[in-house]
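Summary of the model geometry
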Amino acid sequence: MITYRTHSIQSKEIKNLSEQTATACTVKETRGRTMNSQQPDSDGPDQDNINIRSDQITFELENRHEHLKLLSFDPPGFLYQEYRDTSKQQEIEQRRQQENLSPGIKTGSVVAGSGVISPPVLQLQLRNSAQSLSLWQNLEAVQASGLLTQLPHKEIIMQEAMFELVTSEASYYKSLEILETHFLRNPALINTLSQSDMHFLFSNIEEVMKASERFLMDLEHRIEESILISEVCDIVSHHAVEHFSVFITYVINQVYQEKNYRRILEGNQAFREAMATLENHPRVRGLSFTSFLILPFQRITRLKLLVQNILKKAEENTDREANAIKAHQQLEQIVKECNEGVRKMSRTEELISIEKTLEFKSKSVPIISHSRWLLKKGEVQLMAGPKSTRTMRSRKLYQPVYLFLFNNLLLVTKRSGDKFQVLDSCTRAMLRTEDLEDQGQLLANVFNLKLLENQEERPVSYMLKTSSMSDKLRWMCTLTPNRRTRFMSTSAHQPDSPQVQCIQSYSSQEPDELSTEMADVLNLLERTDDGWMMGERLHDGERGWFPCRIVEEIQSKEVRAQNLREAFRIQQAHESGVGQTGARSGIRAGRRTPKASSFSTPWTGQMGDSSEVNQ
């Protein structure tokens, strides 16, 4: 039997450790001087100042690397963008090969003579392949220690999960360094921008980078204490409370960052030329400037998933599980605050834009509200006149109407140039839909929309026709979110239901669509014959529509059951931990942590929750 040395470091001790490492990685406070100084000419004394500044930057970076040993092994070859793609592709391949496993094989075993490998062994082999990610078990110190022959296989799997969190942070830091030294500190780029544009583009990225320096150094210290990693989630938890609030500021500012980047790119030729030169440099490996700008957005969501992975593997009722639950809750709160900040800004702008186009004939409805946002908009055909043979032959059987559906309100309008005349309105809670069978081409993709009480306080029914079957189903699901779907939701706790995994990323084009990442696993709720699906992502419960071409169905019942077990464990652990941890003390002092929902909500434009319909 092996006695595992676990860390009993208290919060105060971790804080002291973080302060020590923060002091070690503090660089000279010469940052920002170039941004605040006048833009120099291409030659003369100011050019000498640029050269001096360049030397100072080089010294700072060398000084920083003297302290940041990057875990005492060779720096990871991947930039963070490459790491994410490689890691997600390996997750996809792992699930694909799991589907070929014989049923009843124990996790973490190799069946003698069969060549069949169970998931954890398979995961390690995939990660250990060429052009792959670093493994804890491949470190020379680990191989020389004899631990690999003594540790239970479950513990090796746990070591790899914790090690991936550390190495991915090193990869993230490496990409941040390129953003700083290759773009932010480049004199040629600085000279093309005003101080305000520099702030719009880079926001508080320096604070984000300092947070990563501290975090990475604390992780490095932990590994230096013992090559057998005892814990990492306590460090994650400490930094989430003390330092990760900088992510919230950065992510919220990304709304303006993207708009201003497009504006500067279109209107500033010198910037455009300088950026083209920098993006073509071998150092960035063909990656775009924007892929570096979104690094903090990607990292905070990925970090939560890495902690989830550790939680899935932790034994119940252990310190590891408790620390993982605590870290996961705090990361979820950060994601939630990012989500709320971004949505509040973008939704308000959208409401203002919509309100400017509306014309009310009779009763005016106030559109702008902090509790209102757009769920779906678009043109449908309204059936006009009685359903007679004569009208069926008429070209005016249908007339176009334009629907604006908010989380708590429906507007039926008619387009008139750039304006929309409001014909009718109804609260979303008073809407009902009824599917109608296709009766020939003229009555294909038709459904009834019932307003139980419209703006005139009377019931009314509209027969609406959409351009496709998927469009009809999408309208019906969004108009009446409590409508029963073809397949059951994860929250119904069904023993089995259809699942798909994403094989490519997808950015939502409409408010009712779901933005997905490679390797996301979704519970299938609806599917159409013309290439669309509606799903519920397992790791956060977010719902939306996506094209069938970006996913593949998970055929194995055992794999689907394992995915559900893991999702339920995360949910239950989170719910049980909410009452224990109480208020968050770090990111927003004095605010109580609201009771967490079953899953978190990422900050991409998605369908509204049915629980928020009546707000």
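This structure is a prediction, so every number in the text was calculated from the model and none was measured.

Overview of the overall build of the protein chain
- If you tally the helices and strands in the protein chain, you get 20 helices and 13 strands.
- Going through the 615 residues of the protein chain one by one, you find that 52% of them count as buried.
- Of the contacts formed within the protein chain by residues at least 6 apart in sequence, a portion of 69% connects residues at least 24 apart.
- Here the protein chain has roughly 29400 Å² of accessible surface; of this, 48% comes from carbon and sulfur atoms.

Concerning the side chain of R302
- Counting through the fold element by element, R302 comes out in helix 16 (residues 295-313).
- When near neighbours in sequence (up to four residues on either side) are disregarded, R302 contacts Y80, Y83, S87, K88, E91 and E164.

Topic: the pairing of strand 8 (residues 460-465)
- The buried fraction of strand 8 amounts to 5 of the 6 residues, a majority that puts the element mostly inside the structure.
- As defined by bridge partners, strand 2 (residues 374-383) adjoins strand 8 across 2 bridges and the pair is classed as antiparallel. Bridge assignment links Q381 to a residue of strand 8, and that residue is K465.
- Direction of pairing for strand 7 (residues 446-451) relative to strand 8: antiparallel, over a ladder of 6 bridges. Counted as the bridge partner of F447 is L464 from strand 8.

Comments concerning the pattern of salt bridges
- Throughout the structure, instances matching the rule amount to 28 salt bridges.
- Close ionic contact of E332 with K304 constitutes a salt bridge, the shortest N to O distance being 3.8 Å. Of the two residues, E332 sits in helix 17 (residues 319-355) while K304 sits in helix 16, which places them 28 residues apart along the sequence. No difference in accessibility class separates E332 from K304, as the two residues are buried.
- Across the salt bridge formed by E456 and R458, the nearest N and O atoms sit 2.9 Å from each other.
- Look at E456 and you get exposed, because its relative accessible area is 51%.
- Residues joined in a network through salt bridges with shared partners are E91, R95, E164 and R302.

Here's the deal with the nonpolar core
- Core analysis: the biggest nonpolar cluster contains 82 residues, and L165, F183 and F202 have the highest contact counts within it.
- Residues in contact with F202, not counting those within four places in the same chain, are L179, F183, L184, L189, Y250, Q257, F289 and L293.
- Formed by 20 residues, the second largest nonpolar core is a distinct cluster that contains L410, L431, F447 and L464.

Focus on the environment of V380
- Along the polypeptide, V380 turns up in strand 2.
- For the pair formed by V380 and P400, sequence separation is 20 residues and the distance between their alpha carbons is 5.8 Å.
- Sequence-distant contacts of V380, that is, excluding residues within four places in its chain, are made with Q399, P400, V401, L403, L464, K465, T466 and W475.

Comments concerning the packing of helix 10 (residues 195-202) against helix 13 (residues 245-267)
- Look at helix 10 against helix 13: their axes get within 7 Å of each other, and the N-to-C directions meet at 125°. Here helix 10 is positioned oblique relative to helix 13, judged by the angle of their axes. Residues D197, F200, L201 and F202 of helix 10 form the contact with helix 13, whose participating residues are Y250, Q257, N260, Y261, R263 and I264.

So, unusual backbone geometry
- Here the phi dihedral of R285 falls at roughly 55°; this positive angle occurs in a residue that is not glycine.
- If you trace the backbone, R285 turns up in the loop between helix 14 (269-279) and helix 15 (289-293).
- Residue class for R285 comes out partly exposed when judged on its relative accessible area of 40%.
- Although it is not a glycine, N317 adopts a positive phi angle of roughly 60°.
- With respect to the helices and strands, the residue N317 is situated in the loop between helix 16 and helix 17.
- N317 gets classed as exposed once you look at its relative accessible area, which sits at 75%.

Quick notes on the confidence of the model for the protein chain
- The predicted model of the protein chain averages 77 in pLDDT, with 71% of residues at 70 or higher.
- Mean pLDDT across the elements of the protein chain bottoms out in helix 2 (residues 33-36) (38) and peaks in helix 12 (residues 233-242) (96).
- Of the regions scoring below 50 in pLDDT, residues 1-11 engages in 16 contacts with residues more than four places distant in sequence or in other chains.
- Note on residues 581-615: pLDDT is under 50 here. Beyond four places in sequence and across chains, it has 97 contacts.

Considering the side chain of R299
- Mapped onto the elements of the fold, R299 is located in helix 16.
- Judged by relative accessible area, which is 1%, R299 ranks as buried.
- Looking at R299, its side chain comes within polar contact range of the side chain of S168, at 3.1 Å.
- Setting aside chain neighbours within four positions, we find R299 in contact with Y80, L165, S168, E169, Y172 and L306.

Examining the packing of helix 12 against helix 17
- Across the interface, helix 12 lies against helix 17 with an axial gap of 8 Å and an inter-helix angle of 30°. Taken together, the axis directions place helix 12 and helix 17 in an arrangement best described as roughly parallel. Here helix 12 runs over helix 17; the crossing is left-handed. Counted together, C233, D234, V236, S237, A240 and V241 of helix 12 and N323, A324, K326, A327, Q330, L331 and I334 of helix 17 form the full contact between these two elements.

As for helix 14
- Of all the residues in helix 14, the buried ones are F271, A274, M275 and L278. When helix 14 is viewed along its axis, its buried side chains cluster within an angular range of 100° and face the same direction.
- The N-cap of helix 14, judged by a side-chain oxygen 3.2 Å from the amide nitrogen of A270 a few residues on, is N268.

Thresholds applied
Along every chain, residues carry numbers that run from 1 in the direction the sequence is written. In keeping with the model being predicted, local features are shown solely for residues with a pLDDT of at least 70 and side-chain atom pairs are shown and tallied solely at 80 or more, while totals for entire chains, interfaces and linings include all residues. With hydrogens and water stripped out, all remaining heavy atoms of the structure feed into the side-chain values. Only runs of H or I of at least four residues qualify as helices and only runs of E of at least two qualify as strands under DSSP, and these elements are numbered from the N terminus. Exposure categories follow from relative accessible area, calculated using a 1.4 Å probe and restricted to protein chains: below 20% of the type maximum is buried, above 50% is exposed, and the middle band is partly exposed. Working rule for contacts: check all heavy atoms of both residues, and any pair within 4.5 Å makes them a contact. Calculation of accessible area relied on Shrake-Rupley with a 1.4 Å probe; when residues are assessed, cover is drawn exclusively from the protein chains displayed. At least two bridges found by DSSP between two strands is the condition for calling them paired. Take a side-chain nitrogen of Lys or Arg and a carboxyl oxygen of Asp or Glu: if they are within 4 Å of each other, that pair is a salt bridge. Residues belong to a common nonpolar core when they are buried Ala, Val, Leu, Ile, Met, Phe, Trp, Tyr or Cys residues joined through side-chain atoms within 4.5 Å. To define axes, lines are fitted to C-alpha atoms, for helices over the stretch in contact only, and angles between the resulting N-to-C directions are given on a 0 to 180 degree scale. Small angles under 35 degrees read as roughly parallel and large ones over 145 as roughly antiparallel, with 65 to 115 read as roughly perpendicular and the rest as oblique. The score called pLDDT rates the predictor's confidence residue by residue, from a low of 0 to a high of 100. A 3.5 Å cut-off defines polar contacts: any pair of N or O atoms within that distance qualifies, except that in protein one atom must be a possible hydrogen donor and the other a possible acceptor, and neighbouring residues in sequence count only when both atoms are side-chain atoms. Helix crossings fall into two classes, left-handed where the near helix is turned counterclockwise from the far one by less than a right angle and right-handed where it is turned clockwise. Directions drawn from the helix axis to the C-beta atoms are what define this arc.

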